[in-house]
Amino acid sequence: MGLTSQSTGAGVLESELKINRLNQSDKLIALAGNPNVGKSTVFNSLTGMNQHTGNWPGKTVTNAQGRYRHKDKDFSLMDLPGTYSLSANSVEEEIARDFICFGNPDATVIVTDATCLERNLFLVLHTLEITDRIVLCVNLLDEAKRKKIHIDLEELSRQLGIPVIGTSARSGKGLDELMDAVYKAAEAAKVPSTDEKKLQEPLKVRYDDEIEQAIAVLEPYVSGILKDHLDSRWVSLKLIDGDDSLLNSLQKYLDFDLLSDPVLTQKLEESKSLLNDAGLDPEQFRDKVAAKIVSYAEKICSKAVTIESNSYHDMDRKIDRILTSKTFGIPIMIGLLGLVFWITITGANYPSQMLASFLFDIQDHLTAFFTQLGTPPWVHGILVLGVYRTLAWVISVMLPPMAIFFPLFTLLEDLGYLPRVAFNLDNFFKKSCAHGKQALTMCMGFGCNAAGIIGCRIINSPRERLIAMITNNFVPCNGRFPTLIAIITMFFAGVFTGPAKSVVSAALLTAVIVLGVIMTLIISKILSKTILKGLPSSFALELPPYRMPQIGKVIVRSVFDRTLFVLGRAVVVAAPVGLVIWLLANIYVGDVSLLTQCAMFLDPFARLIGLDGYILMAFILGFPANEIVVPIIIMSYMAAGSMLEMDSLSQLRELLLSHDWTWLTAVCVMLFSLMHWPCGTTCLTIRKESQSWKWTLAAFLIPTVTGITVCFIVANTARLLGLV
Amino acid sequence: MDQYIPLNDLPIGRKARVKLLSPGSESRRRLLDLGLVSDTEVEALQKSPSGDPTAYQIRGTVIALRSEDAADIIVEAI
Ligand SMILES: Nc1nc2c(ncn2[C@@H]2O[C@H](COP(=O)(O)OP(=O)(O)OP(=O)(O)O)[C@@H](O)[C@H]2O)c(=O)[nH]1
Ligand SMILES: [Mg+2]
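No experiment lies behind these values; they were computed from the predicted model shown.

Structural notes on the overall build of chain A
A tally of helices and strands in chain A yields 29 helices and 11 strands. Across its three principal directions, the C-alpha atoms of chain A cover 85 × 60 × 55 Å. Here chain A holds 724 residues, and 59% of them are scored as buried. A sequence separation of at least 24 residues applies to 75% of the contacts in chain A between residues at least 6 apart. Roughly 29,500 Å² of accessible area belongs to chain A as shown, and the carbon and sulfur atoms make up 62% of that amount. Charge separation in chain A, taken as the distance between the mean sites of 64 positive and 68 negative side-chain charges, equals 4 Å.

What follows is the structure, given as structure tokens:
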């Protein structure tokens with residue numbers, strides 16, 4: 001079997017999960033726990049990093065790694081996705097389990113929610129079956145205190161036989177103690193016997209006799225194979241359980257193909273028939289195992305937890321009764337979305353204009369500077385008219401709406417509203433034979449479709465996960481919002497003045513989003529009936545308690561986050577594209593610039609779907625990033641000649657009108673923006689997540705074909721009816 | 001067994017005790033992970049606007065289940 005340190009443990013995971021113990025002497029610490037208990041918050045406080053957190057289960061779906069120093073040692077900390085158990089029902093659960101089992105962490109911190117400790121203890125008890133090196137972090141103590149739930153941490157530690165630390169991670173309380181405990185646990189891992197003040201033995205669950213006997217048949221042999229790579233008792237239990245995903249991982253990380261071992265197969269048969277004789281079929285076996293774990297958890301909690309009053313979640317229930325009520329649930333949801341848009345549109349207006357005039361002011365200075373230098377005109381053309389001007393447009397049009405929308409959305413997320421959205425919409429998804437958590441992945445898509453695609457990992461069923469990935473693009477990401485907003489304000493809300501203007505804009509934008517949701521449902525349904533046939537799978541959606549967000553912190557952080565994001569994309573994508581546009585506009589073949597030639601080539605088709613050649617080209621050139629579509633349209637219209645100087649947003653409408661834009665063009669641009677191919681990053685993400693070019697192609701073509709069809713129908717109906 | 005009903009038939013606001021999880025159902029493992037073993041107390045809290053799924057209080061947390069999945073959980077109303 002040739003086990004080397006390279007082919008095992010973190011060696012293999014390194015390539016898989018990108019662990020870099022930056023220093024070999026770093027201690028590797030895993031951060032595990034149920035979903036939404038504050039793992040990422042703990043992670044951020046310890047490492048000073050900014051892993052995204054949010055008040056809904058499933059926020060973190062990948063492993064994130066960070067480092068911190070405590071006393072004289074460096075620690076590498078892995079933020080694992082939240083899981084209820086280690087039975088790996090979904091990809092993220094598998095990631096977490098694999099890391100704990102095969103990543104060889106020096107210690108595992110299990111973060112738990114003090115307000116529902118009992119349920120959280122299942123995972124602790126499961127993990128204790130795999131490893132002793134556990135530090136229990138009872139988080140959310142502030143919330144527990146408010147809800148009058150008291151936890152006796154010492155008693156808990158005595159019961160479990162592991163160190164227990166209480167924290168309130170959001171305010172940083174208890175984290176020093178946590179670091180101390182982790183430090184000790186990681187030390188003890190190396191030299192267990194010399195630790196004088198060793199705690200009592202970590203608690204191991206003892207199952208009913210018939211199950212213990214079945215394990216006993218298998219364990220000695222399994223132990224002989226596994227040596228001390230993994231706890232043989234636990235692996236035996238999982239073998240009897242028939243946990244295929246663990247077997248696969250054993251093969252992947254340790255190169256053990258247990259089931260092809262004839263002796264083992266025979267022993268396994270033996271222990272299964274023992275169970276059979278005792279009247280336990282595989283399901284009853286599983287029930288018994290689960291029931292035993294639950295009874296341990298109940299017993300421990302009865303000693304360590306006192307709940308003073310049972311009415312602690314009455315407030316949450318009251319809010320739920322309004323936010324998810326039959327009459328108000330959906331109107332409130334749409335209303336909230338509209339409100340967020342209204343604030344975005346109103347708030348972005350002024351900064352956009354300021355930014356534009358500021359940035360174009362600089363452009364004038366740049367021009368003067370280049371004239372003074374006496375550089376050839378093309379240098380000025382490429383650098384200022386090409387690169388700089390595109391950058392200026394991207395930043396002034398895109399940055400303000402993004403920097404306002406995102407923090408607002410994050411506030412809703414932290415409040416705990418997103419799972420309620422999923423709850424409200426689930427029935428529609430069920431009717432489309434899709435997964436209810438698809439609503440959550442769509443919400444993530446608002447920020448960035450690539451993030452939405454990764455978020456699809458919370459969906460267990462591969463079929464439904466693919467549906468969610470393919471349709472995620474019908475949610476306009478942050479890069480497409482500003483396009484929609486700009487067009488709506490220019491073409492549809494323009495007739496209104498004062499506050500009515502922004503209200504109408506917000507309402508229209510909301511309508512576009514609702515259309516995106518409807519398209520998602522329709523396409524999901526079609527996919528479920530054709531290439532991704534199947535029935536909806538089962539799932540359980542946890543509705544977390546409402547939490548008051550740390551408003552100031554959220555706003556500062558996410559404005560900062562978005563600004564960096566937009567600026568980063570602007571530099572990486574917009575600048576080169578600006579260069580390309582300028583070149584295309586200034587390289588002539590015969591009398592016509594390349595730009596115009598391309599546009600003319602695309603024009604006949606583009607007109608069929610209500611666009612024109614320049615617009616379609618902008619969408620194509622916008623493949624690397626949607627943010628640059630509008631700037632490309634502006635740049636190419638300007639390069640195509642009719643207007644040479646344009647340095648404010650108010651002139652934009654005139655520019656578009658001079659290129660024969662009508663309301664129909666505007667509608668089709670919006671529709672096409674909502675429904676066309678995913679951006680380059682998203683495509684690559686889909687490829688990575690689906691492991692298949694075929695599905696990537698499907699995810700590319702399906703929204704595109706949908707968009708073309710819808711635009712074609714809209715444009716030609718309007719023309720036939722003589723509306724334009 | 002007539003006082004035993006599938007969980008999706010439990011009226012809103014009522015409590016019940018889990019008796020068994022239907023064999024062979026796809027959701028079993030996940031339900032067990034949430035601690036839905038025999039004798040666990042559940043309370044039907046609230047239906048979603050369109051009538052499905054329903055939110056249940058289970059071991060101090062709120063979990064929404066679709067009616068198909070809830071139907072696999074046989075309970076005794078209390
Ligand atoms: N009041 C309070 N809130 C907290 C505390 N720790 C975390 N939170 C909040 O709890 C929510 C969940 O936190 P996360 O850190 O995203 O949880 P997670 O365990 O990483 O969740 P997943 O990645 O979904 O598994 C966030 O809204 C946090 O702000 C705490 O100690 N007190
Ligand atoms: Mg997290």
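Overview of the environment of Arg17 of chain B
All names here are of chain B. Within the secondary structure, Arg17 sits in strand β2 (residues 15–21). Linking Arg17 and Ile73, residues 56 residues apart in sequence, is a C-alpha distance of 10.0 Å. When near neighbours in sequence (up to four residues on either side) are disregarded, Arg17 contacts Asp39, Thr40, Glu41, Ile74, Val75, Glu76 and Ile78.

Concerning the packing of helix α23 (residues 594–608) of chain A against helix α24 (residues 613–621) of chain A
All names here are of chain A. For the pair α23 and α24, interaxial distance at closest approach is 7 Å and the crossing angle is 105°. In this view, α23 runs roughly perpendicular relative to α24, as classed from their interaxial angle. Taken together, the residues of α24 that come into contact with α23 (itself represented by Leu595, Thr596, Cys598, Ala599, Leu602, Asp603, Phe605 and Ala606) are Gly613, Tyr614, Leu616, Met617 and Ile620. Of the residues belonging to the contact of α23 with α24, the class tally is 10 nonpolar, 2 polar and 1 charged.

Some thoughts on the nonpolar core
Counting 132 residues, the largest nonpolar core has Leu611 and Trp661 of chain A as the members making the most contacts within it. Sort the elements by how many residues they give to this core and helix α15 (residues 377–415) of chain A lands first, with 16 residues. Once you skip the residues sitting within four places of it in the chain, Trp661 of chain A turns out to touch Ile487, Phe491, Asp612, Ile615, Ile633, Tyr637, Leu656, Ala666 and Val669 of chain A. Val138, Leu264 and Ile293 of chain A together with Leu21 of chain B belong to the second-largest nonpolar core, a separate cluster that totals 91 residues.

Observations concerning the confidence of the model for chain A
For chain A, mean pLDDT is 87; residues scoring 70 or higher make up 94% of the total. Below pLDDT 50 for its whole length, residues 1–16 of chain A participates in 35 contacts with residues either more than four positions away or in separate chains.

Rules and cut-offs
All chains use their own residue numbering, which begins from 1 and follows the written sequence. Labels follow written order: the first chain is A, the first ligand is 1, and so on. pLDDT decides what is reported in this predicted model: residues at 70 or higher carry local features, side-chain atom pairs at 80 or more are listed and counted, and totals for whole chains, interfaces and linings draw on all residues regardless. To obtain the side-chain values, all non-hydrogen atoms of the structure were included, while hydrogens and water were left out. Each helix is a run of H or I in the DSSP string that is no shorter than four residues. Each strand is a run of E no shorter than two, and both are numbered from the N terminus. For each residue, the accessible area found with a 1.4 Å probe, counting protein chains only, is set against the maximum for its type, and the residue is called buried under 20%, exposed over 50%, and partly exposed in between. Throughout, a residue-residue contact means that at least one pair of heavy atoms, one from each residue, lies within 4.5 Å. Using the Shrake-Rupley algorithm and a 1.4 Å probe, accessible areas are obtained, with residue cover drawn only from the displayed protein chains. Under the counting rule used here, the positive set is Lys and Arg, the negative set is Asp and Glu, and His together with the chain ends is not counted. Charge placement uses NZ in Lys and CZ in Arg. For Asp and Glu, CG and CD serve respectively. Throughout, an axis means a line fitted to C-alpha atoms (over the contacting stretch in the case of helices), and angles, computed between N-to-C directions, take values from 0 to 180 degrees. Should an angle fall under 35 degrees it is taken as roughly parallel, and over 145 as roughly antiparallel, whereas 65 to 115 is taken as roughly perpendicular and any remaining angle as oblique. Polar here means any residue other than Ala, Val, Leu, Ile, Met, Phe, Trp, Tyr, Cys and Pro, which are nonpolar, and Asp, Glu, Lys and Arg, which are charged; Gly is therefore polar. We define a nonpolar core as any set of buried Ala, Val, Leu, Ile, Met, Phe, Trp, Tyr and Cys residues linked to one another through side-chain atoms lying within 4.5 Å. pLDDT measures the predictor's confidence residue by residue and takes values from 0 up to 100.

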